[in-house]
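Residue-level structure breakdown
These are the residues of each chain, in order.
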Amino acid sequence: MNLSNYIIPGIVLFITLYGIYKKVNVYDTFIEGSKESFGMILNLFPSLLAMILGVNILTRSNLLNEVLKIFAPLVDFLKIPLEIIPMAIMRPISGSSSLVILNDIFTNIGPDSFVAKLGSILQGSTDTTLYVLTLYFGCVGIKKIKYAMWVGLLGDLLSIITSIVVAKIFF
């Protein structure tokens, strides 16, 4: 028996029973909520489409490899593995893209390698800042995101630096 298979149905059953207990027409409430969500989806779609298009252009155009060539001397001087730089660049943009890069590191270099451990720390300590700004700010209609973006990206940069320091200390 796998308990995780029953968690979501259990939550739905609990909400349904609680709605019946409170004498709420659960089905009609669900339908109304679904209707309201279409407006939000229509507001979010252009922002998400632009972000997905940007990620695809960045990953498929080979631009990331050109950026790596620029950073190679600095990264080599600082004794940071070059394989981690694409992940550090992609993480604030797309969590799934950075996970793909981390999976490639696991496959090609090994899960017990320093690079894999550093990538795991980086994955856990940074956020998908641009995705969060696109989704959450777009959802509530906030257009002026300048300071939030810079603070979020600065936080990501500090998290990347801290990840490197922590990985070097412990591994």
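Described in the following lines is the structure provided in the data block. (Residues numbered from 1 in each chain as written. Predicted model: local features only at pLDDT ≥ 70, side-chain atom pairs only at ≥ 80, totals over all residues. Heavy atoms only, no water.)

**Focus: the overall build of the protein**
The helix and strand tally for the protein stands at eight helices and zero strands. In the protein, the order of α-helices and β-strands from amino to carboxyl end is α-α-α-α-α-α-α-α. Relative to a compact globule of 171 residues, whose C-alpha radius of gyration would be 16 Å, the protein shows 21 Å and is clearly more extended. Each of the three principal axes of the protein carries a C-alpha extent, and together these read 65 × 45 × 30 Å. The buried share of the protein, taken over its 171 residues, is 27%. A fraction of 65% describes how many contacts in the protein between residues 6 or more apart in sequence connect residues 24 or more apart. (Helix = DSSP H or I, 4+ residues; strand = E, 2+ residues; numbered from the N terminus. Rg over C-alpha atoms; globule rule 2.2 N^0.38 Å. Buried < 20%, exposed > 50% of the residue type's maximum accessible area, 1.4 Å probe, protein only. Contact = heavy atoms within 4.5 Å.)

**Re the environment of S37**
By the secondary structure assignment, S37 is in helix α2 (residues 26–60). For S37, a relative accessible area of 23% gives the class partly exposed. Considered as a pair, S37 and Y147 are 110 residues apart in the sequence and their alpha carbons are 28 Å apart.

**Details of the packing of helix α6 (residues 114–125) against helix α8 (residues 146–170)**
Interhelical geometry of α6 versus α8 gives an angle of 140 degrees and a closest axis separation of 9 Å. Here α6 lies oblique to α8, going by the angle between them. In terms of crossing hand, the pair formed by α6 and α8 is right-handed. On α8, the residues touching F114, L118, I121, L122 and S125 of α6 are S159, I160, S163, I164, V166, A167 and K168. (Axes fitted to C-alpha atoms, helices over the stretch in contact; angles between N-to-C directions. Parallel < 35°, antiparallel > 145°, perpendicular 65-115°, else oblique. Left-handed = near helix turned anticlockwise from the far one by under 90°.)

**Description of the side chain of T126**
Mapping T126 onto the fold places it in the loop between α6 and α7 (129–140). Residue T126 is classed as buried on the basis of its relative accessible area, which comes to 8%. Separated by 2.7 Å, the side chain of T126 and the backbone oxygen of L122 make a polar contact. (Polar contact = N/O pair within 3.5 Å; in protein donor to acceptor, adjacent residues only side chain to side chain.)

**What to know about the nonpolar core**
Formed by 22 residues in total, the largest nonpolar core has its most connected members in I84, M87, M90, I105 and L122. For this core, the secondary-structure elements that each account for two or more residues are α2, α3 (63–77), α4 (85–90), α5 (95–108), α6 and α8. (Core = buried A, V, L, I, M, F, W, Y, C linked by side-chain atoms within 4.5 Å.)

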